[in-house]
Amino acid sequence: MKRELTPRRIFAAAIAISALFLGSPPAQASDPDEAELLNHFEKVDVWHYPVDYAVRHNNQDVIVTREMVAQPAPLGELCYIRFDLIKGEGDYGYGFKPGGPRDAHWGVNVLKRGTVLNQLASRLKMNVIYFYAQGPKSADASAVCARKQGAPTAEAGNAYRGPWADLVTKSRLIHGWPTAPAP
């Protein structure tokens, strides 16, 4: 028995194919941090910023302090900033300045030091993920954000080492999750 291609079947097939490529909301909520925040907040909005620096010559360092701007502005409050390291080689650092305010300013550095005989490169590639939350489900929901950001881990930005740039550079966040890194 042959099946006819009706407009209805074509539309259903297009919906199914687009769901495979775009992903569904439950698949995106599989991130453990997002899932945990959804337990404490009504809505979590995710933004990101990619970082990719490579330094191959001596004394040509990258030292940047950033303030991220989301446009249009997210509806919720900034809850948590996570640093997802993809690749780090050589002398690099990232995160919040120790003892500094947690006002969305963070820094990265990729340094190259050496001699003519020592020409190793330094590289830093990562995604910085911003979680904006709105509609707390309980009175202690904001404490969850503070606990996650205050964790003594590099992912929470608390393992930074290296110099800081005096100039704060503003950059624009990208809405949604980053694409998967290429193998």
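**Student:** Whenever I open this one, unusual backbone geometry confuses me. Can you help?
**Tutor:** Keep in mind that most residues, glycine aside, have a negative phi and that most peptide bonds are trans. A cis geometry characterises the amide bond from glutamine 71 onward to proline 72, with omega recorded as 0 degrees. Examined against the element boundaries, proline 72 turns out to sit in the loop between strand S2 (62-69) and strand S3 (77-89).

**Student:** Got a minute to help me understand the sheet that holds strand S1 (residues 41-55) in this structure?
**Tutor:** Read across the sheet, 4 strands follow the order S3-S6-S1-S8 without closing on themselves; strand pairing throughout is antiparallel. Both edges of this open sheet fall to S3 and strand S8 (174-175), since each of them pairs with a single strand only. Set on the sheet, helix H3 (residues 32-40) makes contact with S1, S3 and strand S6 (122-136); between it and S1 the angle comes to about 155 degrees. Packed on one face of the sheet, helix H4 (residues 141-150) meets S1, S3 and S6 and runs near 20 degrees to S3.

**Student:** Is there a simple way to explain the packing of aromatic side chains in this structure?
**Tutor:** The geometry of an aromatic ring pair comes down to the distance between the two centres and the angle between the two planes. Enumeration according to the criterion identifies 9 aromatic pairs in this entry. Ring geometry for tyrosine 49 and tryptophan 106: centres 6.3 Å apart, planes at 55 degrees, overall tilted. On the criterion of sequence distance, the pair formed by tyrosine 49 in strand S1 and tryptophan 106 in strand S5 (residues 105-111) is long-range, its members being 57 residues apart. No difference in accessibility class separates tyrosine 49 from tryptophan 106, as the two residues are buried. A ring pair is formed by phenylalanine 131 and tryptophan 177, whose centres lie 5.9 Å apart and whose planes are at 70 degrees; its orientation type is edge-to-face. Here phenylalanine 131 is found in strand S6, whereas its partner tryptophan 177 is found in the segment after S8, with 46 residues between them in sequence. Taking the relative accessible area as the measure of exposure, tryptophan 177 reaches 25% and is therefore partly exposed. One aromatic cluster is present, formed by Tyr49, Phe83, Tyr92, Tyr94, Phe96 and Trp106 through successive ring pairs. Positioned above the aromatic ring of tyrosine 80, the side-chain terminus of lysine 148 is 5.1 Å from the ring centre.

**Student:** Teacher, can you tell me more about the environment of aspartate 84 here?
**Tutor:** Looking at where aspartate 84 falls in the secondary structure, it is placed in strand S3. With 70 residues separating them in the primary sequence, aspartate 84 and alanine 154 have C-alpha atoms 8.8 Å apart. Leaving out residues up to four positions away in the same chain, aspartate 84 has contacts with Met126, Asn127, Ile129 and Glu155. Here the side chain of aspartate 84 touches arginine 82 through a polar contact of 2.8 Å, side chain to side chain.

**Student:** Explain the nonpolar core to me, please; I cannot follow it from the model alone.
**Tutor:** Generally speaking, nonpolar side chains in soluble globular proteins are found buried as a group. Within the largest apolar cluster, 23 residues are counted, with the highest numbers of intra-cluster contacts made by Val51, Trp106, Val108, Met126 and Tyr130. Breaking this core down by element, the ones donating at least two residues are S1, S2, S3, strand S4 (91-95), S5 and S6. Here valine 51 is in contact with Trp106, Val108, Leu124, Lys125, Met126 and Val128, once residues within four sequence places are set aside. Among the nonpolar cores identified, the runner-up in size contains 13 residues, and Ile129, Phe131, Ala141 and Cys145 belong to it.

What counts, and where the lines are drawn
Residues numbered from 1 in each chain as written. Predicted model: local features only at pLDDT ≥ 70, side-chain atom pairs only at ≥ 80, totals over all residues. Heavy atoms only, no water. Helix = DSSP H or I, 4+ residues; strand = E, 2+ residues; numbered from the N terminus. Pairing = 2+ DSSP bridges. Contact = heavy atoms within 4.5 Å. Axes fitted to C-alpha atoms, helices over the stretch in contact; angles between N-to-C directions. Phe/Tyr/Trp six-rings, centres within 6.5 Å; stacked < 30°, edge-to-face > 60°. Buried < 20%, exposed > 50% of the residue type's maximum accessible area, 1.4 Å probe, protein only. Lys NZ or Arg CZ within 6 Å of the ring centre and 35° of its normal. Polar contact = N/O pair within 3.5 Å; in protein donor to acceptor, adjacent residues only side chain to side chain. Core = buried A, V, L, I, M, F, W, Y, C linked by side-chain atoms within 4.5 Å.

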